[in-house]
Amino acid sequence: MTMKRVLSVASECVPLVKTGGLADVVGALPGALAGQGWEMRVVLPAYRALRPLCADWPEVFARDDLFGGRGVVKAGEVDGIAVLLLDAPHLYDREGGPYNSGGADWPDNPQRFAALSWVAAEIARHGLVDGWRPQVLHAHDWQAGFAPAYLAFGGPRDVATVITIHNIAFQGWAEASMLSTLRLPAHEFHAASLEYYGGLSSLKAGMVTADRITTVSPRYAEELMRPEFGMGLQGIVAARAAEVQGILNGVDESVWSPEAEAVPYTATRIRGKAANRAALCTEFGLEEVPGPLAIVVSRLTDQKGMDLLPEVLPEFIGAGGGLVMLGSGDPALEAAMLDLAARFPGRVGVRIGYDEALSHRMFAGGDAVLVPSRFEPCGLTQMYGLRYGTIPVVAAVGGLADTVITANPAALAAGTATGIIFHPTDATAFAGALRQLAALHADAKLWAQIRRRAMAQPVGWAASAAAYARLYDGILRP
Ligand code: ADP
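On a predicted model such as this, the values are computed, not experimentally measured, just so you know.

A. A look at the overall build of the chain. What the chain contains, in helices and strands, is 19 helices and 20 strands. In terms of overall dimensions, the chain is globule-like: its C-alpha atoms have a radius of gyration of 23 Å, near the 23 Å expected for 478 residues. Along the first, second and third principal axes, the C-alpha set of the chain runs to 65 × 50 × 45 Å. Residues classed as buried in the chain amount to 59% of the 478 residues present. Considering only contacts in the chain between residues 6 or more positions apart, those separated by 24 or more positions represent 72%.

Take a look at the structure:
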């Protein structure tokens, strides 16, 4: 079978660099698409930490005029992923995160990611030295938003383009005065094209120029047409509704598998989960938790709704529940979480930080995972929860609503429930969901049924990869 070719353009990719779910998706797609007849290569910046990795990789593409210096693309393979690293030291070889240092965004972020996008568009037009040239360019989020725009504005093209919105809250803002610096045509600076509230948004640029727009769940695709969720871009999404599609993310089932945890278990041999639970309680210094042991693994930001926990937790603890939480982010929220641990010693344990291994132990040992987001494009932790029989308790937004079947009377009667969905995202509804959680947990037979059903839900990449492949096939240019 000759493989069709797609270039994925992104700022993060597991296992190389990750700040959020975007990286998981970008890292998982190449493997998932290979089985669908698509060879995906991923281009991303060679941040400082990645430069040693690609030091000896062959150069496959170069440009001397890359926004103030030379940029060289090097090709290699990492965990089976064909990776193209854009080495441009003047843009990426610096201390700090991909987007900021010490909390402040790099002032030249517009140029840094315009450069990535420019190189991707150039590769799409001219190909690599080995002759490889994509038929589809797949841009991810604001960091890659200019790539479809450069292709669209650069004359006739035979490469089709897709942009995926992983989170519309990040829009890639730049001053209007940057237009020519960013190599964008002045005549496109109007409301129907590049102009955005008097300036520029690389995300909008991608959304108005790409052949298709996708986002990471069907529900989020609908939500994005409304002002509460579209965050200024709802008009663009609505205007292009016919070309907008929601495709759920999957999870890597080999990495997220209860059979691979300290005490392995499966849906039919569930006994090991209790041992993981006991170990988790010990690790967090919890005493006996008679009710459900809830877990939270999350960035601590306003989006995630963690500010509701102090309001709802006392009743939940009073009903026998416990909580272990792992997260980092907003200092005020970090302090609030530590305060909860201090108020409920033996029942609430909190770790501030980022720790993937610990997150695995938490999913293996928890009874339920709480995801009270105000908005959630897709969300991954509720899907880990399904796979681990760690019942998701989620807000009725985005991918959370698309992946969980709530335990209402009809679903319980039919035996289809996999979790609890509450609406709206506020303390009253959240508290109600936790009350229901405690009640379900107390009914051993019902609990076992929900857990079995949750663990049987498909959360892998198969369906999503097939959907992306169909999308690419549908936009191929002759
Ligand atoms: P978002 O991308 O908005 O943060 P997602 O649910 O899509 O939310 O993805 C978050 C990913 O990051 C998941 O894989 C989750 O397990 C992981 N994660 C978040 N916070 C932590 C943490 N403190 N420690 C370990 N993993 C974390």
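From this point, the narrative continues.
B. Structural view of the site of the ligand. Taken together, 18 residues are adjacent to the ligand, and Gly 21, Arg 299, Lys 304, Gly 353 and Tyr 384 come closest. At 2.9 Å from an oxygen atom of the ligand is found a main-chain nitrogen or oxygen belonging to Leu 380. Expressed as a share of its isolated accessible area of 560 Å², the protein-covered part of the ligand is 91%. When residues of the shell around the ligand are traced back to their parent elements, those giving at least two are α1 (21–34), β15 (293–300), β16 (322–329) and α14 (381–388). At 3 residues, β15 tops the list of elements feeding residues into the shell around the ligand. Split into classes, the residues belonging to the shell around the ligand amount to 5 nonpolar, 7 polar and 6 charged. For the shell around the ligand, the two domains that each supply at least three residues are domain 1 (4–250 + 462–475) and domain 2 (258–456).

C. Region of interest: the packing of aromatic side chains. Here the structure, examined in full by the defined rule, presents 15 aromatic pairs. Here the aromatic rings of Phe 113 and Trp 142 are separated by 5.2 Å at their centres, their planes lie at 75°, and the arrangement is edge-to-face. Highlighted residues: Phe 113 in helix α4 (residues 109–126) and Trp 142 in the loop between β8 (136–140) and α5 (146–153), separated in sequence by 29 residues. A residue is classified by how much of its surface remains accessible, and Trp 142, at 14% relative accessible area, is buried. Look at Trp 256 and Phe 363: their rings are 5.7 Å apart centre to centre, the planes differ by 85°, and that puts the pair in the edge-to-face class. Pair noted here: Trp 256 is in the loop between β14 (244–246) and α10 (271–283) and Phe 363 is in helix α13 (residues 356–365), with a separation of 107 residues, a long-range link. Phe 363 carries the same exposure label as Trp 256, and that label is buried. Aromatic rings pair up to connect Trp 256, Phe 363, Tyr 384 and Tyr 388 into one cluster. Directly above the aromatic system of Phe 67 lies the positively charged group of Arg 183, at a separation of 4.1 Å from the ring centroid. Over the ring of Trp 118 we find Arg 183, and its NZ or CZ is 4.8 Å from the ring centre.

D. Local environment of the pattern of salt bridges. Applying the stated rule across the entire model yields 24 salt bridges. With a closest N to O distance of 3.5 Å, Asp 130 and Arg 41 form a salt bridge. Here the residue Asp 130 occupies a position in the loop between α4 and β8, and Arg 41 occupies one in strand β2 (residues 38–45), the gap between them amounting to 89 residues. Among the charged side chains, a network of salt bridges with common partners joins Arg 48, Arg 51, Asp 87, Asp 93 and Glu 95.

E. Fine view of helix α12 (residues 331–343). With 13 residues, α12 should reach 18 Å at 1.5 Å per residue; the first-to-last C-alpha distance of 18 Å fits that figure. Residues Leu 333, Glu 334, Met 337, Leu 340 and Ala 341 constitute the buried set of α12. Angular distribution of buried residues about the axis of α12 spans 115°; they occupy a single face of the element. Exposed residues pointing more than 90 degrees away from the buried face of α12 are listed as Pro 331, Ala 332 and Ala 342. As for α12, its buried residues are in contact with β15, α11 (309–318), β16 and β17 (348–352). For α12, the capping residue at the N-terminal end is Asp 330, with a side-chain oxygen 3.0 Å from the backbone nitrogen of Ala 332.

F. Quick peek at the domain arrangement of the chain. According to the domain assignment, the chain consists of domain 1 (4–250 + 462–475) and domain 2 (258–456). Measuring from the centre of the C-alpha atoms in domain 1 to the corresponding centre in domain 2 gives 33 Å. Taken together, the contact pairs 18 residues of domain 1 with 18 residues of domain 2. Across the domain 1 to domain 2 interface the summed buried area is about 1,300 Å²; carbon plus sulfur atoms make up 62%. Taken together, the connections running from domain 1 to domain 2 amount to 0 salt bridges.

G. Seen up close, the nonpolar core. Ranked by size, the top nonpolar core spans 169 residues in total, and within it Leu 182, Met 207 and Leu 309 carry the most contacts. Among the elements that take part in this core, α4 stands out by supplying 9 residues, more than any other. Looking at this core, you find at least three residues from each of domain 1 (4–250 + 462–475) and domain 2 (258–456). Setting aside chain neighbours within four positions, we find Leu 309 in contact with Val 296, Pro 314, Leu 323, Met 325, Met 337, Leu 340, Leu 370 and Phe 430.

H. Expanded view of the sheet that holds β16. Taken in spatial order, the 6 strands line up as β17-β16-β15-β18-β19-β20 in an open sheet, and their pairing is parallel. Either end of the sheet is taken by a strand with one partner, and the two such strands are β17 and β20 (420–422). Taken pair by pair, the neighbouring strands of this sheet meet at an average axis angle of 15°, ignoring direction. Sheet topology note: the strand β19 (residues 391–395)/β20 ladder contains 3 bridges and is parallel. Among the inter-strand pairings, Val 394 is bridged to a residue of β20, identified as Ile 421. Strands in contact with α12 are β15, β16 and β17; relative to β17, the strand with the most contacts, it is inclined by about 150°.

Each value, and the rule that gives it
- Residues numbered from 1 in each chain as written.
- Predicted model: local features only at pLDDT ≥ 70, side-chain atom pairs only at ≥ 80, totals over all residues.
- Heavy atoms only, no water.
- Helix = DSSP H or I, 4+ residues; strand = E, 2+ residues; numbered from the N terminus.
- Rg over C-alpha atoms; globule rule 2.2 N^0.38 Å.
- Buried < 20%, exposed > 50% of the residue type's maximum accessible area, 1.4 Å probe, protein only.
- Contact = heavy atoms within 4.5 Å.
- Near = heavy atom within 4 Å.
- Polar contact = N/O pair within 3.5 Å; in protein donor to acceptor, adjacent residues only side chain to side chain.
- Areas by Shrake-Rupley, 256 points an atom, 1.4 Å probe, with all protein chains shown as cover.
- Nonpolar A, V, L, I, M, F, W, Y, C, P; charged D, E, K, R; others polar.
- Domains from an automatic or database assignment.
- Phe/Tyr/Trp six-rings, centres within 6.5 Å; stacked < 30°, edge-to-face > 60°.
- Lys NZ or Arg CZ within 6 Å of the ring centre and 35° of its normal.
- Salt bridge = Lys/Arg side-chain N within 4 Å of Asp/Glu carboxyl O.
- Expected span 1.5 Å × (residues − 1).
- Arc of directions from axis to C-beta.
- Buried area = accessible area lost by both parts, 1.4 Å probe.
- Core = buried A, V, L, I, M, F, W, Y, C linked by side-chain atoms within 4.5 Å.
- Pairing = 2+ DSSP bridges.
- Axes fitted to C-alpha atoms, helices over the stretch in contact; angles between N-to-C directions.

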